[in-house]
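Fold and contact review
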Amino acid sequence: MADEKAKKTIDPKKHEMPVQDAKERAHNFEEVALGYDEETAVAEAQRCLQCKNEPCRKGCPVQVFIPQFIKMVAERDFDGAIKKIKEKNALPAVCGRVCPQENQCEKYCTLGKKFEPVGIGRLERFCADRELKMGVTVPEVAPPTGKKVAVVGSGPSGLTCASDLAKKGHEVTIFEALHVAGGVLMYGIPQFRLPKEVVQAEVENLKKLGVKIEVNSVVGKFSTVDELMEEEGFDAVYIGTGAGLPYFMGIPGENACGVYSANEFLTRTNLMKAYLFPKYDTPIKVGKKVAVLGGGNVAMDGARTALRLGAEESHIVYRRSHEELPARKEEAEHAEEEGVIFDLLTSPVEILSNEDGWVTGMKCIKYELGEPDASGRRSPIPIPGSEFIMDVDTVVVAIGQGPNPLVPRTTKGLELNKNGNIVANLETGATSKQGVYAGGDVVTGAATVILAMGAGRTAADSIHEYLTNK
Amino acid sequence: MFKILEKQVHSPVIKQFVVEAPRVAKSCKAGQFIILQINEEGERIPLTIADFDREKGTITIVFQEVGKSTIQLGEMEAGDYIKDFVGPLGEPTHIENVGTVVCVAGGVGIAPVHPIARAFKEAGNHVIGIMGARSKDLLFWEDKMAAACSELHVTTDDGSYVRQGFVTDVLKDIIEEKGKENIPLVVAIGPQPMMRAAANLTKEYDIKTIVSLNALMVDGTGMCGCCRISVGGETKFVCVDGPDFDGHQVNWAELALRQVYFKSEEQLALEYRECTCRNGGAE
Ligand SMILES: Cc1cc2nc3c(=O)[nH]c(=O)nc-3n(C[C@H](O)[C@H](O)[C@H](O)COP(=O)(O)OP(=O)(O)OC[C@H]3O[C@@H](n4cnc5c(N)ncnc54)[C@H](O)[C@@H]3O)c2cc1C
Ligand SMILES: Cc1cc2nc3c(=O)[nH]c(=O)nc-3n(C[C@H](O)[C@H](O)[C@H](O)COP(=O)(O)OP(=O)(O)OC[C@H]3O[C@@H](n4cnc5c(N)ncnc54)[C@H](O)[C@@H]3O)c2cc1C
Ligand code: SF4
Ligand code: SF4
Ligand code: FES
Ligand SMILES: [Mg+2]
């Protein structure tokens, strides 16, 4: 009977996420999505059907106890809810913001079959933000085991692995190449989508578990993985160095001034805070018309950042059609609302520049979609004679990244695949080298925050087992 | 935080720090560099490791004040702390015994040449050092260079010390005098026009020449691509593939254009700094 009643009163729509007005936010770096308040969160949580078979959990790469925490929110037991989430997810404030929920937990939500799914990510964010505001309780840490583990890279993968190992009583040191911890969460994903204060709050929580974070430490340079184990006494190493190597198109003119990799454009802006130049020293230059090459999250972030830095026009130039955009739907929508222009079925063949080396335009060719290939995807085919000149003065290349080669190049006996990714067993994180584990983007290629975290957790379990039996 | 242990002023615009950085000192080699960030608001700037002491765990840097960050750095004193200091970065210079090596240093390039010359000499080479600057007051480390090289030639552009002329003039004289077949390798480090001129000169004689490129950098770990430059028709990342490259293969014109990418912003940064300094740091 309760079910009957629930069905009748269920709101077919997710509670809307309050957002900053599109016109206004297109010119500032404040967070776009403002987060649920308590009442909205409780009301959204009450939409959940508490399905016995928990389909939503199967869609979550780390199997967050979704129905359980949502029930607690509905009952206003917010402390309980965040504890429940954290049993599975070490960085809920981050995931609640950037997980592609529509392809994961929410995709499998029963409610989504008829109506809009439960706003699982939004509820997760609500719980995490509330806890950050109220002050975080430090989870229990097991007694010291006397074993030392080095974690290379402080992205979501490394942070999760470190957190799990520390809770199990191991002495963990993270080595990070940059001057702050967080990986892509700090240098890539923009402030307006993931405030850096949120990331740093999560990093601080990790330190409370006793994890040491050594920034300014490039492994492969100050010390190799082998040296960490042989000379510095680490019993095991986890490599979570990400996919930081920017790819370029390989077309003429790409080294002109005014052409950035997305990594450079976003790193200058986010990590180095060039949007606050000259109060902050790192400069950035954005012209009147910006073309961002690519169609993923990184490209959307680049295009939206360009607007905020003062570009008059910001274009996404993508070889396929709207349907194939690899970016999250919400991100593409947000970009469109803010005024980003989509030039689809278009690809550059040359970047033009003047005698001072500055970009003056981009020669492009139009594409059409051909027959579906073996994978069912319709592949783009260039249209002969369709070349035209696009009038742009800044180009941001966001066509993907490969694994940073520093660690793979300097570690003896580490098996790599043909793209330079580290080969690791996906069930255990084990590499071809004893005592060395790897996970996240450096293994899978550029993927998602939550997958990187899942890999960190899996490896932490195996490392624990390895150290216990050693 | 990284402590400045010693400061030395070579000229009003050229200064030297010894910085406590044991981890960098433990593993660095000739030809590598560090990146530092003065404070929270600071930018990341690359500077060559000019000397190191593995026992004491220190790194020596020598820098010329050319803009906002280097001027601000120059105002720091022994006892002050630099917020971030990361290294060693870049590939070390390839050191081997080739017989004779001519090491050419222009201006503040004396600092990076010094450990390279020393390493070549330690490897058994006869090292001919050439060092020069615009004028006498911009010269430093003549004693250290004399010790690092087997023979040392000094010159100034304006003739205010030893002899008048560019380092490339001296290089030409030496090649002519010794014969190009007796000089298998030249290393040239200094301002871009000087390296380019040296590379052009040695190309005529077909002498292999290594230069150290000072492209703009952000991370210094191969992540941003800001430092990319065409070498032999291929795009290279100076921070991880270099900074040393074959001077005959470098696309100098491209490097020169990319070098002044942020010229107007750099000017603005300097003006902003002067303005905030005058107002006692208030905005
Ligand atoms: C602009 C952008 C937007 C994105 N948006 C989303 C999104 O909305 N949702 C989503 O789920 N995913 C998104 N992603 C993808 C996601 O950020 C990554 O999949 C995830 O960060 C990978 O985590 P990781 O821990 O494997 O590596 P990273 O986050 O890349 O971290 C690796 C860390 O290792 C450090 N490192 C590298 N080499 C060394 C070395 N030799 N020594 C020491 N440290 C080293 C790096 O400096 C870095 O800090 C986005 C990515 C980008 C670039
Ligand atoms: C590998 C390498 C080693 C170097 N070693 C030394 C050294 O030992 N001593 C020394 O005096 N200088 C060295 N430099 C140059 C030094 O990094 C720049 O002079 C410094 O960054 C200028 O900063 P600024 O803010 O004071 O000047 P700005 O006014 O900002 O810039 C002046 C000029 O310096 C260069 N520059 C500016 N920012 C950067 C940056 N982020 N990266 C690289 N170049 C930049 C540009 O050509 C610019 O036009 C080196 C550069 C590289 C790449
Ligand atoms: S971690 Fe991501 S996928 Fe899992 S429940 Fe949270 S938002 Fe959904
Ligand atoms: S599938 Fe949807 S409705 Fe069912 S328990 Fe999970 S979140 Fe609730
Ligand atoms: S400085 Fe970023 S890749 Fe070289
Ligand atoms: Mg500067």
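Worth saying up front: this structure is predicted, and the values here are computed from it rather than measured.

1. Focus: the UniProt feature "domain: Dihydroprymidine dehydrogenase" (unreviewed entry) in chain A
The sites that UniProt annotates as "domain: Dihydroprymidine dehydrogenase" (unreviewed entry) are residues 25-135 of chain A. In residues 25-135 of chain A, helix accounts for 52% and strand for 0%; the two terminal C-alpha atoms are 29 Å from one another.

2. Focus: the site of ligand 3
In the vicinity of ligand 3, the residues found are Cys60, Pro61, Ile66, Asn89, Cys95, Cys99, Gln101, Gln104, Cys105, Glu124 and Ile450 of chain A. The class makeup of the residues in the shell around ligand 3 is seven nonpolar, three polar and one charged.

3. Thoughts on the site of ligand 4
As a structural note, the neighbourhood of ligand 4 is formed by Cys48, Leu49, Gln50, Cys51, Pro55, Cys56, Pro67, Cys109, Thr110, Val118 and Ile120 of chain A. Of the residues in the shell around ligand 4, the class split is nine nonpolar, two polar and no charged.

4. Considering the domain arrangement of chain B
All names here are of chain B. In terms of domain boundaries, chain B breaks down into domain 1 (2-89) and domain 2 (100-258). In total, about 1600 Å² of surface goes out of reach between domain 1 and domain 2, with carbon and sulfur atoms giving 64% of it. Remark: the boundary between domain 1 and domain 2 carries two salt bridges. Residue arginine 118 is joined to aspartate 51 by a salt bridge in which the shortest nitrogen-to-oxygen separation is 3.1 Å. Per-element accounting of the side of domain 1 that touches domain 2 gives the leading share, four residues, to strand 6 (residues 58-64). By residue class, the composition of the side of domain 1 that touches domain 2 is twelve nonpolar, seven polar and two charged.

5. Some details on the sheet that holds strand 2 (residues 14-20) of chain B
All names here are of chain B. In space, the five strands of this open sheet follow the order 5-6-2-1-7, with antiparallel pairing throughout. Edge positions in the sheet fall to strand 5 (51-53) and strand 7 (81-82), since each has one partner strand and no second. As defined by bridge partners, strand 1 (residues 2-11) adjoins strand 2 across six bridges and the pair is classed as antiparallel. The residue of strand 2 that forms the bridge with serine 11 is isoleucine 14.

6. Focus: the sheet that holds strand 16 (residues 436-438) of chain A
All names here are of chain A. What the five strands build is an open sheet, ordered 3-2-1-4-16; its pairing is parallel. In this open sheet, the two edge strands, each paired with only one partner strand, are strand 3 (212-214) and strand 16. Taken pair by pair, the neighbouring strands of this sheet meet at an average axis angle of 20°, ignoring direction. Two strands pair when backbone bridges link them, and strand 1 (residues 148-152) and strand 2 (residues 171-175) are joined in this way by five bridges, in the parallel orientation. Bridge assignment links valine 149 to a residue of strand 2, and that residue is valine 172. Its contacts with the sheet place helix 19 (residues 449-469) against strand 1, strand 4 (236-239) and strand 16, and it is angled at close to 170° to strand 4.

7. With respect to the UniProt feature "domain: FAD/NAD(P)-binding" (unreviewed entry) in chain A
The feature "domain: FAD/NAD(P)-binding" (unreviewed entry), as given by UniProt, occupies residues 147-456 of chain A in the numbering adopted here. Helix and strand shares over residues 147-456 of chain A are 27% and 24% respectively, and the end C-alpha atoms of the span are 18 Å apart.

8. Here we look at the pairing of strand 8 (residues 84-89) of chain B
Residues and elements named next belong to chain B. Across the six residues that make up strand 8, a large majority, six, are buried. Bridge count for strand 3 (residues 33-37) against strand 8 is four bridges, and the pairing is antiparallel. Bridging from a neighbouring strand, glutamine 37 pairs with aspartate 84 of strand 8.

9. Examining the domain arrangement of chain A
Residues and elements named next belong to chain A. Annotation of chain A at the domain level lists domain 1 (4-134), domain 2 (148-244 + 402-469) and domain 3 (248-399). Computed from C-alpha atoms alone, the centre-to-centre distance between domain 1 and domain 3 is 32 Å. Listed as interface residues are 15 residues of domain 1 and, on the opposing side, 13 residues of domain 3. Taken together, both faces of the contact between domain 1 and domain 3 bury some 1100 Å²; the carbon and sulfur share is 51%. The interface formed by domain 1 and domain 3 holds three salt bridges in total. With a closest N to O distance of 2.5 Å, glutamate 338 and arginine 25 form a salt bridge. Between the two partners, domain 1 and domain 3, sit ten residue pairs in polar contact (both at pLDDT 80 or more). Residues that form the side of domain 1 that touches domain 3 fall into these classes: eight nonpolar, three polar and four charged.

Reading guide: rules and limits
Every chain begins its residue count from 1, and numbering advances along the sequence as written. As they are written, the chains are lettered A onward and the ligands numbered 1 onward, keeping that order. Local features are withheld for residues below a pLDDT of 70 in this predicted model, meaning they are given only at 70 or higher, and side-chain atom pairs are given and counted only at 80 or more; totals for whole chains, interfaces and linings count all residues. Side-chain calculation: all heavy atoms of the structure are included, whereas hydrogens and water are not. UniProt positions are given in the numbering used here, feature names are shortened, and annotations may be inferred rather than shown by experiment. Each helix corresponds to a stretch of at least 4 residues labelled H or I by DSSP, and each strand to a stretch of at least 2 residues labelled E; elements are numbered beginning at the N terminus. Here a residue is considered near a molecule or strand provided that any single heavy atom belonging to it is located within 4 Å of it. Amino acids outside the nonpolar list (Ala, Val, Leu, Ile, Met, Phe, Trp, Tyr, Cys, Pro) and the charged list (Asp, Glu, Lys, Arg) are all regarded as polar, and Gly is one of them. Per the annotation, domain bounds derive from an automatic or database assignment of domains. Simply put, the buried area is the total loss of 1.4 Å probe accessible area from both parts when two parts are fitted together. Definition used for salt bridges: Asp or Glu carboxyl oxygen within 4 Å of a side-chain nitrogen of Lys or Arg. For two strands to count as paired, DSSP must find a minimum of two bridges between them. In this analysis, axes come from line fits to C-alpha atoms, helices being fitted only over the stretch in contact, and the angle between any two N-to-C directions falls in the range 0 to 180 degrees. Throughout, a contact is declared for two residues whenever any of their heavy atoms are within 4.5 Å. Each residue gets one of three labels from its accessible area relative to the maximum for its type: buried under 20%, exposed over 50%, partly exposed in between, using a 1.4 Å probe on protein chains only. Counted as a polar contact is a pair of N or O atoms within 3.5 Å, where, for protein atoms, one must be capable of donating a hydrogen and the other of accepting one, and residues adjacent in sequence contribute only when both atoms are in side chains.

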